[in-house]
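# Survey of secondary and tertiary structure
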Amino acid sequence: MIETAEVTDNDFLRQFEYKIDNDLAIIEYSLQERKIFLTKFIVSEEHDNEAFRDKFITLVLENIQERNLSVMPTCPTIVKFIRKHRQYRSMLPIGVRI
């Protein structure tokens, strides 16, 4: 399973990365002021399952929370995750509902 130390923030490419076997799972983002827009979720079909998605997104959101940033999910996978896990709704900017 995923470990916190293995999720990295690649500032240059603006993406969170997790290396799994010979593949790379990615969440792309755009940073504007104190908001981070999570724009794309990419994982190979071989490793695409709900448990992996949930753990990867959780670790990324915890990383963002430590930086005290607001989250604007524009990727359907991440929107669905935040709808399912209400504890992360507090990370949305004021007035934003999903």
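Refer to the structure above for everything that follows.
Before going further, it helps to spend a moment on the pairing of strand β2 (residues 15-20). With five of its six residues buried, β2 lies for the most part within the structure. As paired strands, strand β1 (residues 7-10) and β2 are joined by four bridges and run antiparallel to one another. Among the inter-strand pairings, Val-7 is bridged to a residue of β2, identified as Tyr-18. Hairpin connection between β1 and β2: a loop of four residues separates the two successive antiparallel strands, and Arg-14 in this loop has a positive phi of roughly 55°. Count of turn residues in the β2/strand β3 (residues 23-32) antiparallel hairpin: two residues, of which Asp-21 carries a positive phi of about 55°.

The end-to-end C-alpha distance of helix α1 (residues 50-66), which contains 17 residues, comes to 24 Å, matching closely the 24 Å that a straight helix rising 1.5 Å per residue would cover. Every buried residue of α1 is accounted for by Phe-52, Phe-56, Ile-57, Thr-58, Leu-59, Val-60, Leu-61 and Ile-64. If you follow the buried residues of α1, they end up packed against β1, β2, β3, β4 (35-42), β5 (70-73) and α2 (76-84). Structurally, the start of α1 carries an N-cap: the backbone nitrogen of Ala-51 is 3.2 Å from a side-chain oxygen of Asn-49. Asn-68 sits one or two residues past α1 and shows a positive phi near 60°.

Quick look at the sheet that holds β2 now. Reading across the sheet, the five strands line up as β1-β2-β3-β4-β5 and stay open at both edges, with mixed pairing between neighbours. In this open sheet, the two edge strands, each paired with only one partner strand, are β1 and β5. Each neighbouring strand pair of the sheet contributes to a mean axis angle of 30°, computed without reference to strand direction. As judged from the seven bridges shared by β3 and β4, these two strands associate in the antiparallel manner. Along β4, the bridge assignment pairs Glu-28 with Lys-40. Strand contacts of α1: β1, β2, β3, β4 and β5, with the helix running at about 140° to β2, the strand carrying the most contacts. Against the sheet, α2 contacts β3, β4 and β5, and its axis sits at roughly 120° relative to β5.

What counts and how
- Residues numbered from 1 in each chain as written.
- Predicted model: local features only at pLDDT ≥ 70, side-chain atom pairs only at ≥ 80, totals over all residues.
- Heavy atoms only, no water.
- Buried < 20%, exposed > 50% of the residue type's maximum accessible area, 1.4 Å probe, protein only.
- Helix = DSSP H or I, 4+ residues; strand = E, 2+ residues; numbered from the N terminus.
- Pairing = 2+ DSSP bridges.
- Expected span 1.5 Å × (residues − 1).
- Contact = heavy atoms within 4.5 Å.
- Polar contact = N/O pair within 3.5 Å; in protein donor to acceptor, adjacent residues only side chain to side chain.
- Axes fitted to C-alpha atoms, helices over the stretch in contact; angles between N-to-C directions.

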